[in-house]
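# Secondary and tertiary structure notes
Residue strings, one per chain:
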Amino acid sequence: MSLLKRAILVTYPYQFNIHEAKELAKAADYEVVEVVKQRYLMHSKYGLGSGKAEELKRIVSEKGCNAVLFDESLKSVQIYNLAKLTGVEIIDREKLILEIFAKRASSRESKLQVRLAELEYEMARAKEKVRLAKLGEQPGFYGLGGYEVEVYYRAIKRMVASIKEKLMKVRKHRALYRQRRLKLGMPTISLAGYTGAGKTTLFNLLTHEDKEVADSVFTTLITSTRSITLPYGKALLSDTVGFISRLPTYMIEAFKSTLEEMTYANLVLLLLDGSDPPAELHRKYESCTTVLSEIGVPVEKTLIVCNKSDLCSKEEIEEKIGALPTNISEVVFISAKMGIGIKTLTDLIDARLFGTRKLIKEAV
Ligand SMILES: Nc1nc2c(ncn2[C@@H]2O[C@H](COP(=O)(O)OP(=O)(O)OP(=O)(O)O)[C@@H](O)[C@H]2O)c(=O)[nH]1
Ligand SMILES: [Mg+2]
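These figures come from a predicted structure and were not determined experimentally. (Residues numbered from 1 in each chain as written. Chains lettered and ligands numbered in written order. Predicted model: local features only at pLDDT ≥ 70, side-chain atom pairs only at ≥ 80, totals over all residues. Heavy atoms only, no water.)

### Remarks on the coordination of the magnesium ion (ligand 2)
Defined as follows: Counted as coordinating are nitrogen, oxygen and sulfur atoms within 2.8 Å of the metal, or 3.2 Å for Na, K and Ca, while water is not included, which may make sites look incomplete. For the purposes of this entry, the term helix denotes a DSSP run of H or I that reaches at least four residues, the term strand denotes a run of E that reaches at least two, and both are numbered from the N terminus. Each residue's exposure class comes from its accessible area (1.4 Å probe, protein chains only) as a fraction of the maximum for that residue type: buried when under 20%, exposed when over 50%, partly exposed otherwise.
Each protein donor to the magnesium ion (ligand 2) is listed here as Thr200 (OG1) and Thr220 (OG1); together their distances run 2.0 Å. With Thr200 in helix 7 (residues 199–207) and Thr220 in the loop between helix 7 and strand 6 (224–230), this pair connects stretches of sequence that are 20 residues apart. When sorted by exposure, Thr200 lands in the same class as Thr220, which is buried.

### Examining a positive patch on the surface
Keep this limit in mind: Patch building starts from residues that exceed 30% relative accessible area and form no salt bridge, then joins like charges within 9 Å and nonpolar side chains (Val, Leu, Ile, Met, Phe, Trp, Tyr) within 5 Å. Here the open area of atoms and residues is found with the Shrake-Rupley method and a 1.4 Å probe, where only the protein chains shown may cover a residue. One side-chain nitrogen of Lys or Arg within 4 Å of one carboxyl oxygen of Asp or Glu is enough to make a salt bridge. Two residue types count as positive, namely Lys and Arg, and two as negative, namely Asp and Glu; His and chain ends fall outside the count. Note on charges: their place is set at NZ of Lys, CZ of Arg, CG of Asp or CD of Glu.
Residues Arg108, Lys166, Lys169 and Lys172 make up a contiguous surface patch of positive charge. Per-element accounting of the positive patch gives the leading share, three residues, to helix 6 (residues 146–184). Within the element layout of this structure, Lys169 appears in helix 6.

### Focus on the nonpolar core
Put simply, the test is: What is meant by a nonpolar core is a set of buried Ala, Val, Leu, Ile, Met, Phe, Trp, Tyr and Cys residues, joined one to another through side-chain atoms within 4.5 Å. Working rule for contacts: check all heavy atoms of both residues, and any pair within 4.5 Å makes them a contact.
Counting residues in each nonpolar core, the largest one holds 85 residues, and the members touching the most others are Tyr30, Leu56, Phe218, Leu292 and Ile321. Sorting elements by how many residues they give to this core places helix 5 (residues 108–134) first, with eight residues. Not counting chain neighbours up to four residues away, the residues in contact with Leu56 comprise Ile8, Val10, Val36, Leu48, Val68, Leu82 and Thr86.

### A word on the pairing of strand 3 (residues 67–70)
Look at any regular strand and the pattern is simple: side chains alternate between the two faces of the sheet. Definition in use: At least two bridges found by DSSP between two strands is the condition for calling them paired. For the handedness criterion, the strands are oriented away from the viewer, and a crossover whose path from the first strand over the helix to the second runs clockwise is classed as right-handed.
By the alternation rule, side chains of strand 3 split into Ala67 and Leu69 and Val68 and Phe70, which are all buried. Bridge count for strand 1 (residues 5–11) against strand 3 is four bridges, and the pairing is parallel. Bridging across to strand 3, Ile8 finds its partner in Val68. Judged from the four bridges that link them, strand 3 and strand 4 (residues 89–92) form a sheet pairing that is parallel. The partner of Leu69 across the bridge, within strand 4, is Ile91. Traced from strand 3 through helix 3 (residues 76–86) to strand 4, the parallel crossover comes out right-handed.

### Side note on the sheet that holds strand 3
Keep this limit in mind: Lines fitted to the C-alpha atoms define the axes, with helices restricted to the stretch that makes contact. Angles between their N-to-C directions range from 0 to 180 degrees.
Read across the open sheet, the four strands follow the order 2-1-3-4; overall the sheet is parallel. For this open sheet the edge positions go to strand 2 (30–37) and strand 4, each flanked by a neighbour on one side alone. The average undirected angle you get between the axes of adjacent strands in this sheet is 25°.

### Section: the packing of aromatic side chains
Let me state the cut-off plainly: Aromatic contacts are taken between Phe, Tyr and Trp rings whose centres are within 6.5 Å, Trp giving its six-membered ring; a plane angle under 30 degrees counts as stacked, one over 60 as edge-to-face, and the others as tilted. Placement of a positive charge over a ring is assigned whenever Lys NZ or Arg CZ falls within 6 Å of the ring centre and within 35 degrees of the normal to the ring plane.
Inspection of the entire model under this criterion finds one aromatic pair. Their ring planes at 80° and their centres at 4.7 Å tell us that Phe101 and Phe218 sit as a pair that is edge-to-face. Remark: Phe218 occurs in the loop between helix 7 and strand 6 and Phe101 occurs in helix 4 (residues 93–104); sequence separation between them is 117 residues. Here Phe101 and Phe218 have matching classes, each one buried. When the ring centre of Tyr30 is taken as reference, the NZ or CZ atom of Lys5 above it lies at 4.2 Å.

### Things to note about the domain arrangement of the protein chain
Convention followed: The source of the domain bounds is an automatic or database domain assignment. The buried area of a pairing is the accessible area, by a 1.4 Å probe, that goes missing from both parts when the two are put together, added over both. Any N or O atom pair separated by 3.5 Å or less is treated as a polar contact, with the protein-specific requirement of one donor-capable and one acceptor-capable atom, and with residues adjacent in sequence counted only for side-chain atom pairs.
Split by domain assignment, the protein chain resolves into domain 1 (5–101), domain 2 (106–163) and domain 3 (186–363). For domain 1 and domain 3, the distance between their C-alpha centroids amounts to 33 Å. With 15 residues of domain 1 in contact, the opposing surface of domain 3 contributes 17 residues. Summed over both sides, the interface between domain 1 and domain 3 buries roughly 1500 Å², with carbon and sulfur atoms accounting for 65% of that surface. Here domain 1 is connected to domain 3 by three salt bridges. Inspection of the domain 1/domain 3 interface yields four residue pairs in polar contact (both at pLDDT 80 or more). Secondary-structure elements contributing two or more residues to the side of domain 1 that touches domain 3 are helix 1 (15–27) and helix 4.

### Observations regarding the packing of helix 1 against helix 4
Here is the rule: Should an angle fall under 35 degrees it is called roughly parallel, over 145 degrees roughly antiparallel, and 65 to 115 degrees roughly perpendicular, with every other angle called oblique. Take the far helix as the reference: if the near one is turned anticlockwise from it by less than a right angle, the crossing is left-handed, and if turned clockwise, right-handed. Only Asp, Glu, Lys and Arg are considered charged in this grouping, and only Ala, Val, Leu, Ile, Met, Phe, Trp, Tyr, Cys and Pro are considered nonpolar; every other residue, Gly among them, is considered polar.
Running from amino to carboxyl end, helix 1 crosses helix 4 at an angle of 40°, the nearest separation of the two axes being 9 Å. Of the possible angle classes, the one that applies to helix 1 and helix 4 is oblique. Relative to helix 4, the crossing made by helix 1 is left-handed. Contact with helix 1, carried on its side by Glu20, Leu24, Ala25 and Ala27, involves Arg93, Leu96, Ile97, Ile100, Lys103 and Arg104 of helix 4 and no other residues of that element. Grouping the amino acids of the contact of helix 1 with helix 4 by side-chain chemistry returns six nonpolar, no polar and four charged.

### So, the pattern of salt bridges
With the rule as written, the count across this model stands at 23 salt bridges. Across the pair Lys103 and Asp29 runs a salt bridge, and its minimum N-O distance is 3.4 Å. Within this pair, whereas Lys103 is found in helix 4, its partner Asp29 is found in the loop between helix 1 and strand 2, the two being separated by 74 residues in sequence. Accessibility expressed as a relative area gives 29% for Asp29, which makes it partly exposed. Residues Asp92 and Arg125 are paired through a salt bridge, measuring 3.2 Å at the closest nitrogen-oxygen approach. Separated by 33 residues along the polypeptide, Asp92 in strand 4 and Arg125 in helix 5 bring together distant segments of the chain. The burial state of Asp92 is the same as that of Arg125; both residues are buried. The network of salt bridges with common partners includes Glu20, Asp71, Glu72, Arg93, Arg246 and Arg283.

Shown next, in the form of structure tokens:
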């Protein structure tokens, strides 16, 4: 029995947008029955232009769908207008990502993080609802008065504060762990990269673990840390949540205690999927470096690792990497799945972390 909800996807007319939005839809249990494409999705009334919005209305009724997935962030008034026009639920990109996170979150921490992101989503829209209520229009409030709207807004604010407090405690806990690890003198390595780049595959290979690897988006939500043995010492390797483009800052904020590990890492391995077409590789690379700089990881700490080298020729990947806006010359080509290039990678990590130990040993 299929539990998939039937949905129409509204997105940009580019292959990578369509592909990624479909992956997100699949991960949140939606079956995309038709794709409506438009170059510009920021029109004030419906997100879409009004002609396209009418077309969407027609398709929704023809196909008998339960929802419209809108591949951009929408304001409450736009959601309200679209829902009124089409008669079905409107899920924007942020909401869709939140649905996936909510479905996948299994630890107490990731559940808190997802709840925080959900409330922040609601709060951003509640502000607009308050404004509209004051103007006498109340989309989405179905007759709530301005007073109740204020109460609602304040209630969300209180919940946000309470969750933040709980997350602070988790952060303190992590800080304690970090101090303990520091005392052990073990350097730390973090895996970073777009969702699906192969972080967990590499993590499993280096740590002999068996964490879930899958062809869908956001497979990993919980950070795992294990020790690895390198020629000149031991280090701790962490796998974590993947990045995605157009992720709003508050979501990064919500996952801060998870992502924060990266700011303390001695080395961050930025994994790229070398089999991506050039435009996609470029776009994902930029999304990753934006998040890394937002959370405060200096470029010098990053090592670019180009994964899935088994899927294309070295020349092909080198050409793609060469076109990236980066001045980092050091790129390692590996295949985590096939175990190709792993020795070169571990030697490089070793040199970065224990370079001086090696020199001392060679000198004596
Ligand atoms: N061909 C090929 N496939 C790979 C390689 N590394 C990983 N994959 C595949 O890529 C997909 C995603 O791998 P994961 O390790 O789950 O990726 P991830 O970066 O951890 O993804 P998230 O947890 O969603 O952020 C899986 O289907 C893997 O089997 C590789 O070197 N070659
Ligand atoms: Mg993973």
